[in-house]
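Breakdown of the fold
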Amino acid sequence: MIKIDLNKIADGDLHKKVQAAFEDVVKNMKDPKTPWKNTREIKIKLSFTQNEDRDQCVCNISVEKKLANEIGVQTSFEIGKFNGEVYAQEYDSKQMSITEFIPNPERQNVDKETGEIVESKEKA
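My aim in this report is to walk through the structure given alongside it, one point at a time.

Rules of the game
- Residues numbered from 1 in each chain as written.
- Predicted model: local features only at pLDDT ≥ 70, side-chain atom pairs only at ≥ 80, totals over all residues.
- Heavy atoms only, no water.
- Helix = DSSP H or I, 4+ residues; strand = E, 2+ residues; numbered from the N terminus.
- Buried < 20%, exposed > 50% of the residue type's maximum accessible area, 1.4 Å probe, protein only.
- Areas by Shrake-Rupley, 256 points an atom, 1.4 Å probe, with all protein chains shown as cover.
- Disulfide = S-S within 2.5 Å.
- Expected span 1.5 Å × (residues − 1).
- Arc of directions from axis to C-beta.
- Contact = heavy atoms within 4.5 Å.
- Salt bridge = Lys/Arg side-chain N within 4 Å of Asp/Glu carboxyl O.

Right, let's talk about the overall build of the protein chain for a bit. Broken down by element type, the protein chain carries 1 helix and 7 strands. Starting at the N terminus and ending at the C terminus, the protein chain contains elements arranged as α-β-β-β-β-β-β-β. Of all 124 residues assigned to the protein chain, the portion counted as buried reaches 9%. Of the accessible surface of the protein chain, which amounts to about 11,500 Å², a share of 50% is contributed by carbon and sulfur atoms.

This is the structure in structure tokens:
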């Protein structure tokens with residue numbers, strides 16, 4: 001029987017890769033921004049390719065991990081048209097106020113300190 005020590009394969013690189021993947025999985029499981037129920041995985045793959053004489057082989061080692069994605073966030077927008085321009089206003093759920101997004105800011109005069117739109121004073 002052939003005995004191998006997985007801790008010593010590739011000068012310990014296999015062990016290091018598995019250890020790092022395991023730590024990433026545990027961190028992902030403890031992250032409150034990820035779903036608790038999703039399954040995480042670590043796959044260790046050893047691929048062997050031999051030469052024609054069958055006296056040597058190359059072993060390609062890979063460690064893949066599957067983590068849970070972060071839970072998405074949600075917001076709400078009022079969308080519409082005003083003065084021929086489309087607009088979007090985000091409802092800020094924390095303050096119950098509206099944050100306005102101006103479609104063409106270069107066409108607006110904006111106070112750089114307050115962010116408010118300033119009426120332009122055109123010369124007649």
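The next thing to look at is the state of the cysteines. Across all of its chains, the model carries 0 disulfides by this definition. In this structure C57 is a free cysteine whose sulfur lies 6.7 Å from that of C59, the closest cysteine sulfur available. Residue classification places C59 among the partly exposed positions, given a relative accessible area of 32%.

Glancing now at helix α1 (residues 13-30). The terminal C-alpha atoms of α1 lie 26 Å apart, and with 18 residues this matches the ideal 26 Å at 1.5 Å per residue to within 8%. When α1 is considered as a whole, its buried residues turn out to be L14, A21, V25 and N28. Down the axis of α1, the buried side of the element spans an arc of 65°, and every buried residue falls inside it. Among the exposed residues of α1, those oriented more than 90 degrees off its buried face are K16, K27 and K30. The inward-facing, buried residues of α1 contact β1 (41-50) and β2 (57-66).

The full count for this structure, using the stated rule, is 3 salt bridges. Taking the shortest distance from any N to any O, the salt bridge between K33 and E70 comes out at 3.7 Å. Placement of K33 in the loop between α1 and β1 and of E70 in the loop between β2 and β3 (76-82) is noted, with a sequence separation of 37 residues between them. Note that E41 and K43 form a salt bridge whose closest N and O atoms lie 3.9 Å from each other. Judged by its relative accessible area of 48%, K43 is partly exposed.

It is worth spelling out the environment of L14 at this point. Topologically, L14 is positioned in helix α1. Judged by relative accessible area, L14 falls into the buried class, the value being 4%. In this structure the C-alpha to C-alpha distance between L14 and K45, which are 31 residues apart in sequence, comes to 10.0 Å. The residues touching L14, leaving out its near neighbours within four places in the chain, are L6, I9, I44, I61 and V63.

Now for the environment of A10. Tracing the chain through its elements places A10 in the segment before α1. Taking the C-alpha atoms as reference points, A10 and I61, 51 residues apart in sequence, are found 8.6 Å from one another.

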